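Okay, here's what each chain looks like letter by letter:
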Amino acid sequence: MAEDNKYVEEIVRRILIGTGNKGKFKEIERILKGIGIEAILPEEEVKVEEKGNTFLENAYIKAEAYYERFKMPVLADDSGLVVYSLGGFPGVFSSRFWEIDYGGYEEPVPDKDTANIRKLLRLLKGKEDRRARFEAVIVLLLDKDRGVFSRGVCEGYIGECPKGDKGFGYDPVFIPSGMERTMAELDPEEKNRISHRGKALQKIVDFLKNMPKD
Ligand code: IMP
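Residues numbered from 1 in each chain as written. Predicted model: local features only at pLDDT ≥ 70, side-chain atom pairs only at ≥ 80, totals over all residues. Heavy atoms only, no water.

### Details of the site of the ligand
Around the ligand, a shell composed of 16 residues is seen, among which Lys-24, Phe-168, Asp-171, Lys-191 and Arg-197 lie nearest. Between the ligand and Asp-171, the relevant distance is 2.7 Å, taken from a nitrogen atom to a side-chain nitrogen or oxygen of the residue. For the ligand, a nitrogen atom lies 2.7 Å from a polar atom in the side chain of Arg-197. Expressed as a share of its isolated accessible area of 490 Å², the protein-covered part of the ligand is 93%. Sorting the residues of the shell around the ligand by element identifies strand E3 (74-83) and helix H6 (196-210) as the ones contributing at least two each. With 3 residues, the top contributor of residues to the shell around the ligand is E3. Looking at the shell around the ligand, its residues break down into 3 nonpolar, 6 polar and 7 charged. (Near = heavy atom within 4 Å. Polar contact = N/O pair within 3.5 Å; in protein donor to acceptor, adjacent residues only side chain to side chain. Areas by Shrake-Rupley, 256 points an atom, 1.4 Å probe, with all protein chains shown as cover. Helix = DSSP H or I, 4+ residues; strand = E, 2+ residues; numbered from the N terminus. Nonpolar A, V, L, I, M, F, W, Y, C, P; charged D, E, K, R; others polar.)

In structure tokens, the structure reads:
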């Protein structure tokens, strides 16, 4: 392991990942493993009401709830898809876009991700401006009084139809800028390098590496 990773190991060896989403957990686990930190999947999901208006508020609400329950360093993220021609929707409502009071309702079949994508493609039908960005905010709480947050974005646009079977959520319809493949056609390493969550997490990793030693 590189010399500059030593301090990271000293302060935190294990970080609880405050999520019940296995797709997210795997992405975060892969990146933390690279600097010798073990990502812990909570033995049970802590249900919180994501009542914030921003990704930062929701990420903090989740991190605090997991810290209260498990009393160990916690990393939580809140993320979503921001579509420019839809005034920023689905935004903080990304995971339950199918049911919110904007743009009509979609039956959650065969699953919620598919319903979310169906609604998005319906609302964008015929629209020329298909630009969108994924955005993630990560909050790392070391203990109840100390923590840090970071933000990462990945710009791109929404394709005409779903493609690919990797990733999760809106990946099959999101094409990152400068690419011709959807996020769901990228290998996990490739996605982590350019993704909103990958970038936000890299900033947290850099912070941990450069943290003052006393
Ligand atoms: P959260 O769990 O409240 O952060 O909800 C995030 C939602 O945004 C997910 O359920 C997905 O619908 C969407 N989302 C966030 N990150 C990604 C991603 O990397 N790929 C695809 N969809 C994502």
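Next comes the rest of the write-up.
### Regarding the environment of Pro-176
Relative to the helices and strands, Pro-176 resides in strand E6 (residues 174-176). Placed 31 residues apart in sequence, Pro-176 and Asp-145 show a C-alpha to C-alpha distance of 37 Å. Once residues lying within four places of it in the same chain are set aside, the contact partners of Pro-176 are Cys-154, Glu-155, Gly-156, Arg-181, Thr-182, Met-183 and Ile-194. (Contact = heavy atoms within 4.5 Å.)

### Focus: the pattern of salt bridges
The full count for this structure, using the stated rule, is 23 salt bridges. The salt bridge involving Asp-129 is made with Arg-131; its shortest N-O contact spans 3.0 Å. Take Asp-129: its relative accessible area is 29%, and that puts it in the partly exposed class. Put simply, Arg-130 and Glu-160 hold a salt bridge, and the shortest N to O gap is 4.0 Å. Taken together, the residues Arg-130 in the loop between helix H4 (112-124) and strand E4 (131-143) and Glu-160 in the loop between strand E5 (146-158) and E6 connect sequence positions 30 residues apart. Since its relative accessible area comes to 9%, Arg-130 is described here as buried. What you see here is one network of salt bridges that share partners, running through Lys-24, Glu-27, Asp-77, Asp-171, Lys-191 and Arg-197. (Salt bridge = Lys/Arg side-chain N within 4 Å of Asp/Glu carboxyl O. Buried < 20%, exposed > 50% of the residue type's maximum accessible area, 1.4 Å probe, protein only.)

### A look at the environment of Pro-188
Structurally, Pro-188 is set in helix H5 (residues 188-194). With a relative accessible area of 39%, Pro-188 lands in the partly exposed category. Sequence separation of Pro-188 and Tyr-105 is 83 residues, and the distance between their C-alpha atoms is 32 Å.

### Remarks on H6
The terminal C-alpha atoms of H6 lie 21 Å apart, and with 15 residues this matches the ideal 21 Å at 1.5 Å per residue to within 8%. Where H6 is concerned, the buried positions are His-196, Arg-197, Gly-198, Ala-200, Leu-201, Ile-204, Val-205 and Leu-208. (Expected span 1.5 Å × (residues − 1).)

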